Protein chains: 2
Amino acid sequence: MKTITIAVDAMGGDYGPSVIVPAALQILAKYNALHLVLVGDEEVLRKELKARHACDQIRLVIHHASQCVEMGELPAVALRTKKDSSMRVAINLVKEGRAQACVSAGNTGALMATARFVLKTLPGIDRPAIISTFPTRVGHKNMRMLDLGANVDCSVDNLFQFAVMGSVLASAVDNIANPTVCLLNIGEEDIKGNEQVKEAAQLLANSKAIHYMGYVEGDKLYHGLADVIVCDGFVGNVALKTSEGVASFIRQLIKEAFYSSLFTKLAALFAWPVMKSLSRRIDPDRYNGASLIGLKGIVIKSHGGAKTQAFAHAIEEAMIQVEKNVLQLIAEKIEQLLKLSRS
Amino acid sequence: MKTITIAVDAMGGDYGPSVIVPAALQILAKYNALHLVLVGDEEVLRKELKARHACDQIRLVIHHASQCVEMGELPAVALRTKKDSSMRVAINLVKEGRAQACVSAGNTGALMATARFVLKTLPGIDRPAIISTFPTRVGHKNMRMLDLGANVDCSVDNLFQFAVMGSVLASAVDNIANPTVCLLNIGEEDIKGNEQVKEAAQLLANSKAIHYMGYVEGDKLYHGLADVIVCDGFVGNVALKTSEGVASFIRQLIKEAFYSSLFTKLAALFAWPVMKSLSRRIDPDRYNGASLIGLKGIVIKSHGGAKTQAFAHAIEEAMIQVEKNVLQLIAEKIEQLLKLSRS
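The residue numbers shown here count from 1 along each chain, following its written sequence. Think of it this way: whatever chain is written first is A, whatever ligand is written first is 1, and the rest follow in order. Owing to the predicted nature of the model, reporting of local features is limited to residues with pLDDT of at least 70; listing and counting of side-chain atom pairs is limited to 80 or more, with chain, interface and lining totals taken over all residues. Here the side-chain values reflect all heavy atoms present in the structure, with hydrogen atoms and water set aside.

Residue and element names in this part refer to chain B. A run of DSSP states H or I qualifies as a helix once it reaches four residues; a run of E qualifies as a strand once it reaches two. Both are numbered from the N-terminal end. Expected helix span is computed as 1.5 Å times (number of residues minus one). With 16 residues, helix α10 (residues 308-323) extends 23 Å from end C-alpha to end C-alpha; this agrees with the ideal 22 Å at 1.5 Å per step. With a 1.4 Å probe rolled over the protein chains alone, any residue whose accessible area is under 20% of its type maximum counts as buried; one over 50% counts as exposed, and the rest are partly exposed. For α10, the complete set of buried residues consists of Ala310, Phe311, Ala312, Ala314, Ile315, Glu316, Glu317, Ala318, Met319, Gln321 and Val322. At the C-terminal side of α10, asparagine 325 shows a positive phi close to 60°.

Here you go:
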């Protein structure tokens, strides 16, 4: 395996360096070919490393950045006033070719705006999207869904491009020969849905480049019917967050039910290993690391609330995308499709 | 309590008369003031009643209808070719004032198209919406969400009207003095969301008629932050169905985990009462009965897969809306708002 260098925004997220530094150390220990650049307040990072009996060395470099993008900051403000933020500098390192990918747990809007401004979109891609991986009911089969919130209004072309990008990502990272793609809709019949979705369905059905399978409804989102599910960013964000909300609601109800009496507390003791295996199966940590896809650079967004294990997983996702040459593959596929549509 | 007459489409849903007739008998036994008109194939219905040792009598009348709308039928086709369907005739009875509400478990699209065509919308309402009740994390507090799928694209005015209708329904049926309203969005900040949502937020914030509370995100949908949650029909449908999908996914995982070994099967025995109480809390049957709101008549849509208990609940919802004079209250509130906007 060739050396891979990843820039890490070490100041982002709810926990900053206290989570990101140990995550970096953990993942470095796992992969010998991995180099990390920790971007952020040098003094703070050095202290954090020291506390963990580590220091910067050949595979772990600190790159100083004097500013930090706040979680609630407006993307436009961050873009204008935070030119030396850890987030911006990490993205700059990718632009300059000094890192092959970057990872941040910071403000999603600011990350998207900055990445788009600094890196620009790939030729043939009008708008980048946010894509992430989810568990499904089918054994160990995962699915990827996009857009999860970067674009509130999407044209037919946007949806088509999302399908292409999702398809290439699933094919490269998950080694799926011909990934299946569904459009998220409010019914399975052809007449259902809004105009964009209906037209995108036509476009996808007519394209030989995409293995299009038709519509999928919200209740079958996790049925594993397709490798990639495409929707606009408003709908995708609502579907994603509603899923998190329902899972956490049910977790709360289970907890309350087990705590309600002496008998149920006893039952909880017995059921504990079962509940543990359930949590593992839908553990959000295992799925941490969304991609900002469609840019001339690999940018991975970690959940803001990610702990060490989860953040390490996001770095791993970046590493795999570099290794699998995802960027080049998307660019090639898009160029190929553009040529086809011109001929 | 005054007599209330409800027309029931006895042929709709996945189970038809075999579920609807016992549900009718059950609910009639509970409310002495209730009269039901079972609309459908007279022979079939009479047979079904006989099998249950019942017959038509003063509070239970059969009204023959020779056709039936299929579950997969296109709304436009049903509207044109099924003029004597049980669904259409039940709605006609409301139009003619022979029933004060109707209930159907049939094809949602056809029900909406037919109800809109026959009954028309209330003055000041451009488009009817689908609204239903959901549990929340807060004790026994419920919330109502609309639109759940009638309108894939909504204007700012549509969203505002949905807020008014939802608010009146919550106030009348749940006896809430000044129901709180939130807009479903993909962020809580003012700058988030699409144009319609942002403009609707402005309109709602400036209206004294609505107790507007701001945006709610998908992960807080069930937090009980508002009595009414407003969104367009595409987003609402995805949120609703995704919730069902996640709940059923988790149910499957729990089942699999409990069946995985002898020890976990033993644990299942202990945990059974806990799981039972959990299911009760989020039991979809208890929440069955969505309203087609905004029409000049009360139309309740039962889930197609509803069993006896659930269908009875949908009839009960129709009864309460008649009793609480919901139609009149919505009309008054809308008229009042229109007057205000004209003055």
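Superposing the copies works by least squares over the C-alpha atoms of residues that have pLDDT at least 70 in both of them. Mapping chain A onto chain B calls for a screw motion: a turn of 180° about the axis and a shift of 0.0 Å along it, with 0.0 Å RMSD after fitting. What the superposition gives is, in effect, a two-fold axis relating one chain to the other. A shared interface surface links the copies, since 98% of the contact residues of chain A are contact residues in chain B too. We call two residues in contact whenever any of their non-hydrogen atoms come within 4.5 Å of each other.

Another point: the pairing of strand β3 (residues 60-64) of chain A. Residues and elements named next belong to chain A. A pair of strands is labelled paired if DSSP reports no fewer than 2 bridges between them. Pairing of strand β2 (residues 34-40) with β3 involves five bridges; the strand directions are parallel. From the neighbouring strand, valine 39 faces β3, where its bridge partner is histidine 63. By convention a crossover is right-handed if, when the strands point away from the viewer, the path from the first strand over the helix to the second runs clockwise. For the segment spanning β2, helix α2 (residues 42-51) and β3, crossover handedness is right-handed.

The subject of this paragraph is the domain arrangement of chain A. All names here are of chain A. Partitioning chain A into domains gives domain 1 (1-122 + 294-325) and domain 2 (126-292). Across the boundary between the two partners, domain 1 contributes 23 residues, which contact 20 residues of domain 2. For the pair domain 1 and domain 2, the summed buried surface comes to about 1,700 Å²; carbon and sulfur atoms form 57% of the total. Throughout, buried area stands for the accessible area (probe radius 1.4 Å) lost by two parts on being put together, summed over both. On the domain 1 side of the interface with domain 2, the three residues burying the most area are Met112, Gly294 and Lys324, jointly 29% of the side's total. Here a salt bridge means any side-chain nitrogen of Lys or Arg lying within 4 Å of a carboxyl oxygen belonging to Asp or Glu. Counting the contacts that link domain 1 with domain 2 gives one salt bridge. Within 3.5 Å is the distance limit for a polar contact, defined as a pair of N or O atoms, with the added protein rule that one can donate a hydrogen and the other accept it, and that residues adjacent in sequence qualify only through two side-chain atoms. At the boundary of domain 1 with domain 2, the tally comes to eight residue pairs in polar contact (both at pLDDT 80 or more). Those elements that place two or more of their residues in the side of domain 1 that touches domain 2 are α5 (108-119), β11 (298-301) and α10 (308-323). In terms of residues, the side of domain 1 that touches domain 2 owes the most to one element, α10, which gives eight residues. Polar here means any residue outside two lists: the nonpolar Ala, Val, Leu, Ile, Met, Phe, Trp, Tyr, Cys and Pro, and the charged Asp, Glu, Lys and Arg; Gly therefore counts as polar. Its residues assigned to classes, the side of domain 1 that touches domain 2 comprises 11 nonpolar, eight polar and four charged. Delimitation of the domains relies on an automatic or database domain assignment.

We now examine the packing of aromatic side chains. Aromatic contacts are taken between Phe, Tyr and Trp rings whose centres are within 6.5 Å, Trp giving its six-membered ring; a plane angle under 30 degrees counts as stacked, one over 60 as edge-to-face, and the others as tilted. All chains considered together, the criterion is met by four aromatic pairs over all chains. For the pair phenylalanine 249 of chain A and tyrosine 222 of chain B, a centre-to-centre distance of 6.0 Å together with 25° between the ring planes defines the contact as stacked. On the criterion of chain membership, the pair formed by phenylalanine 249 of chain A in helix α8 (residues 233-258) and tyrosine 222 of chain B in the loop between β8 (211-216) and β9 (228-230) is interchain, its members lying in two chains. Of the two residues, phenylalanine 249 of chain A and tyrosine 222 of chain B, both sit in the buried class. Joined through ring pairs, the aromatic side chains of Phe134 and Tyr222 of chain A together with Phe249 of chain B make up one cluster. Two thresholds decide whether a charge sits over a ring: the Lys NZ or Arg CZ must be within 6 Å of the ring centre and within 35 degrees of the ring normal. Over the face of the ring belonging to phenylalanine 117 of chain A we find lysine 120 of chain A, whose NZ or CZ atom lies 4.8 Å from the ring centre.

We now examine the interface of chain A and chain B. With 55 residues of chain A at the interface, the matching set in chain B holds 54 residues. Where chain A abuts chain B, roughly 4,800 Å² becomes buried across the two surfaces, and 76% of that area is made up of carbon and sulfur atoms. The interface formed by chain A and chain B includes two salt bridges. Put simply, glutamate 217 of chain B and lysine 241 of chain A hold a salt bridge, and the shortest N to O gap is 2.1 Å. The interface formed by chain A and chain B includes 10 residue pairs in polar contact (both at pLDDT 80 or more). For the side of chain A that touches chain B, the element with the highest residue contribution is α8 of chain A, accounting for 22 residues.

Turning our attention to the environment of leucine 60 of chain B. All names here are of chain B. As for its position among the elements, leucine 60 is in strand β3 (residues 60-64). The spatial distance from the C-alpha of leucine 60 to the C-alpha of asparagine 178 is 38 Å, given a sequence separation of 118 residues. The contacts of leucine 60, once residues within four sequence positions are left out, are Leu25, Leu28, Leu36, Leu38, Leu49 and Cys55.

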